[in-house]
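Architecture and fold: a report
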Amino acid sequence: PSIWTAEGDPRVTPLGRLLRRTHLDELPQMVNVLKGELSIVGPRPEQPRYVEELTEKIPFFDVRHLVRPGLTGWAQVKQGYAADEADALEKLQYDFYYLRRQGVALDLRIIVLGQGPALTDKSYLRLTIALYDAIIRQVHAALEKGAMRLDQVQAAVSLDDLRQQFTAPGVQ
């Protein structure tokens, strides 16, 4: 069985604590967002060994993989890190809530609520707001040019879907 990470885990080095506290450990994941492999909002990906164990032990655990994983999600906002199987089950319930209610409004709420300690880092918050402002401006421009229809915008279930819509061939 895998050993879950817990608060004050002795395996975490001083450098690891610094990277975690400053959120610098998240930077490599931004590359995955830019490549389209990871959303900004969605169920947080788990390590493969945990996924394998939890899929065997928790019914429907693999359903959370129906959407692209994200840097942050409803489960992180509501609960944080899972320390054991019971926590993983609770997080799964939050993931199901997100899957049932996903949309632009919930994504924005998760981003704002999920900032937590990062809210003190105004540059991180500005970057997040600028990213979504750029998405909204590009969608608006595509609507004005007739390169996108309003029903396409309304059909988008997340900001990631909107980004994909305006980066589709023929949409500038």
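Residues numbered from 1 in each chain as written. Predicted model: local features only at pLDDT ≥ 70, side-chain atom pairs only at ≥ 80, totals over all residues. Heavy atoms only, no water.

1. Quick notes on the overall build of the protein chain
If you tally the helices and strands in the protein chain, you get nine helices and two strands. Ordering the α and β elements of the protein chain from the N terminus gives α-α-β-α-β-α-α-α-α-α-α. Expressed as a percentage of its 172 residues, the buried residues of the protein chain come to 32%. Within the protein chain, contacts between residues at least 6 apart in sequence are counted, and of these 66% link residues at least 24 apart. Put simply, the protein chain shows about 10800 Å² of open surface, and 60% of that area lies on carbon and sulfur atoms. (Helix = DSSP H or I, 4+ residues; strand = E, 2+ residues; numbered from the N terminus. Buried < 20%, exposed > 50% of the residue type's maximum accessible area, 1.4 Å probe, protein only. Contact = heavy atoms within 4.5 Å. Areas by Shrake-Rupley, 256 points an atom, 1.4 Å probe, with all protein chains shown as cover.)

2. Here's the deal with the side chain of Lys91
Summarising the element assignment, Lys91 is placed in helix α5 (residues 85-101). Judged by its relative accessible area of 5%, Lys91 is buried.

3. Description of unusual backbone geometry
For Phe60, which is not glycine, the phi torsion reads 70 degrees and is therefore positive. Relative to the helices and strands, Phe60 is located in the loop between α3 (48-57) and β2 (70-72). On the basis of relative accessible area, Phe60 is assigned to the exposed category, the value being 59%.

4. Side note on the nonpolar core
Counting residues in each nonpolar core, the largest one holds 10 residues, listed as Val33, Leu38, Ile40, Val41, Leu71, Trp74, Tyr98, Leu106, Ile110 and Ile111. Within the residue set of this core, elements represented by two or more residues are β1 (39-41) and α6 (104-114). Sort the elements by how many residues they give to this core and α6 lands first, with three residues. Tyr50, Val51, Leu54 and Ala88 belong to the second-largest nonpolar core, a separate cluster that totals seven residues. (Core = buried A, V, L, I, M, F, W, Y, C linked by side-chain atoms within 4.5 Å.)

5. Looking at a nonpolar patch on the surface
A cluster of nonpolar side chains, contributed by Leu15, Leu18, Leu19, Leu24 and Leu27, occupies part of the molecular surface with about 430 Å² of accessible area. Top contributing element to the nonpolar patch by residue count: helix α1 (residues 14-21), with three residues. Inspection of the secondary structure assignment puts Leu18 in helix α1. Judged by relative accessible area, which is 37%, Leu18 ranks as partly exposed. (Patch = residues over 30% accessible without salt bridge, like charges linked within 9 Å, V, L, I, M, F, W, Y side chains within 5 Å. Salt bridge = Lys/Arg side-chain N within 4 Å of Asp/Glu carboxyl O.)

6. Focus on the packing of α5 against α6
Taken N-terminus to C-terminus, the directions of α5 and α6 make an angle of 140 degrees; their axes are 9 Å apart at the nearest point. By the angle between their directions, the pair α5 and α6 is classed as oblique. Mapping the contact onto sequence places Tyr97, Tyr98 and Arg101 in α5 and Leu106, Asp107 and Ile110 in α6. Taken together, the residues of the contact of α5 with α6 break down into four nonpolar, no polar and two charged. (Axes fitted to C-alpha atoms, helices over the stretch in contact; angles between N-to-C directions. Parallel < 35°, antiparallel > 145°, perpendicular 65-115°, else oblique. Nonpolar A, V, L, I, M, F, W, Y, C, P; charged D, E, K, R; others polar.)

7. Some points on empty space enclosed by the protein
All chains considered together, the criterion is met by one cavity of 30 Å³ or more. Taken as a whole, the largest cavity spans an internal volume of roughly 30 Å³. Glu46, Leu54, Phe61, Arg64, Ala88, Lys91, Leu92 and Asp95 are the residues that line the largest cavity. Considering every element that reaches the lining of the largest cavity, the biggest residue donor is α5, with four residues. The residue makeup of the lining of the largest cavity, split by class, is four nonpolar, no polar and four charged. (1 Å grid on protein atoms, 1.4 Å probe; cavity = no way out; pocket = protein on both sides within 12 Å on 5 of 7 lines; lining within 4 Å. Points joined across faces, edges and corners; volume = space filled by probe spheres on them.)

So yeah, pure geometry; function would need other evidence.
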